[in-house]
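Reading the structure
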Amino acid sequence: MFYYQTDFDLSPNAKNWVLEHFKHKWKFNFYHDADWTLNSGWQNSPIEQELSDFLLPFGLDLKYAGINCFISNLSKFEITNPHVDILHRNKQLLPIKSRFNLMILGNSEDPMCWWNTLKYGDSKLEKKLFTYGSTFYESLAVPGDSIEERWQHLGTPTEIKTNLLAPSSFVNTNYAHALKLSAGPRLILSVPFDRYLDEYVN
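No experiment lies behind these values; they were computed from the predicted model shown.

Let us now look at the nonpolar core. One recurring pattern in soluble globular proteins is that nonpolar side chains are buried together. Ranked by internal contacts, the top residues of the largest apolar core, which has 28 residues, are Phe100 and Phe170. Among the elements of the structure, helix H1 (12-22), helix H2 (46-55), strand S3 (68-74), strand S7 (98-105) and strand S14 (184-193) are those that each provide at least two residues to this core. Membership of the second largest hydrophobic core comes to 13 residues, among which are Phe70, Trp114, Leu179 and Ile188.

Turning our eyes to something else, we now look at the sheet that holds S7. As summarised here, the arrangement of the 6 strands in space is S1-S12-S7-S14-S3-S2, forming an open sheet in which the pairing is antiparallel. In the strand order of this sheet, the two ends are held by strand S1 (3-6) and strand S2 (30-34), each with one partner. Geometrically, the sheet is characterised by an average inter-axis angle of 20° between neighbouring strands, direction not taken into account. Sheet strands in contact with H1 are S3, S7 and S14, and its direction is about 75° off that of S7. Along the sheet face, H2 touches S1, S7, strand S12 (168-172) and S14 and points at about 55° away from the line of S14.

Below, the discussion takes up the pattern of salt bridges. In this structure the tally under the stated criterion is 7 salt bridges. As a salt-bridge pair, Arg195 and Glu199 come within 3.6 Å of each other at their nearest N and O atoms.

Quick look at the sheet that holds strand S11 (residues 159-161) now. Taken together, the 4 strands give an open sheet; going across it, the order is S4-S13-S8-S11, and neighbouring strands pair in antiparallel fashion. For this open sheet the edge positions go to strand S4 (78-79) and S11, each flanked by a neighbour on one side alone. Of the strands in this sheet, S4, strand S8 (112-119) and strand S13 (175-181) are in contact with helix H3 (residues 147-154), which crosses S8 at around 65°.

The rules behind the values
- Residues numbered from 1 in each chain as written.
- Predicted model: local features only at pLDDT ≥ 70, side-chain atom pairs only at ≥ 80, totals over all residues.
- Heavy atoms only, no water.
- Core = buried A, V, L, I, M, F, W, Y, C linked by side-chain atoms within 4.5 Å.
- Buried < 20%, exposed > 50% of the residue type's maximum accessible area, 1.4 Å probe, protein only.
- Helix = DSSP H or I, 4+ residues; strand = E, 2+ residues; numbered from the N terminus.
- Pairing = 2+ DSSP bridges.
- Axes fitted to C-alpha atoms, helices over the stretch in contact; angles between N-to-C directions.
- Contact = heavy atoms within 4.5 Å.
- Salt bridge = Lys/Arg side-chain N within 4 Å of Asp/Glu carboxyl O.

The quantities given are spatial measurements derived from coordinates; they are silent on function.
This is the structure in structure tokens:
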């Protein structure tokens, strides 16, 4: 199982709270990446409470890695880097086995792709040095020296899903995956878990 769609959405008040914090970002074009500017700012926010209430019946919470935010403002259509999600903690590389993703801004028709031929723990994943702002960190990467080479290495995706975030879904992030993104602002809230998708949904 690569995804499980839900009809959960945030209240207008909670959405406005998020949009207000990120409205200054859309003045410039930039590539898809995680944004940590709020970091602990989610605590006691309407977002935290609404997500916690939704996740509770699944036996899930925000404790593994909090609330993440992925944003972009592309000037043109782009394919993103195929990868397996990793949590960096105390100099260890830990798996993010699944996530709950919710779209605040963006094109819900943008597809997400998965490959069942490569997953966390696979010896074919390569340790490489990456940068985030001024920070250098080591992570695991799909073989290849460019986004295009990594797509070529993986070949045809096992699964492609459009309208995945309409408005939200649980997604498998243990297997290699990537996005095809439209131009314009995109803002996704994401909650990582140390549990496989089929452990909490049928």
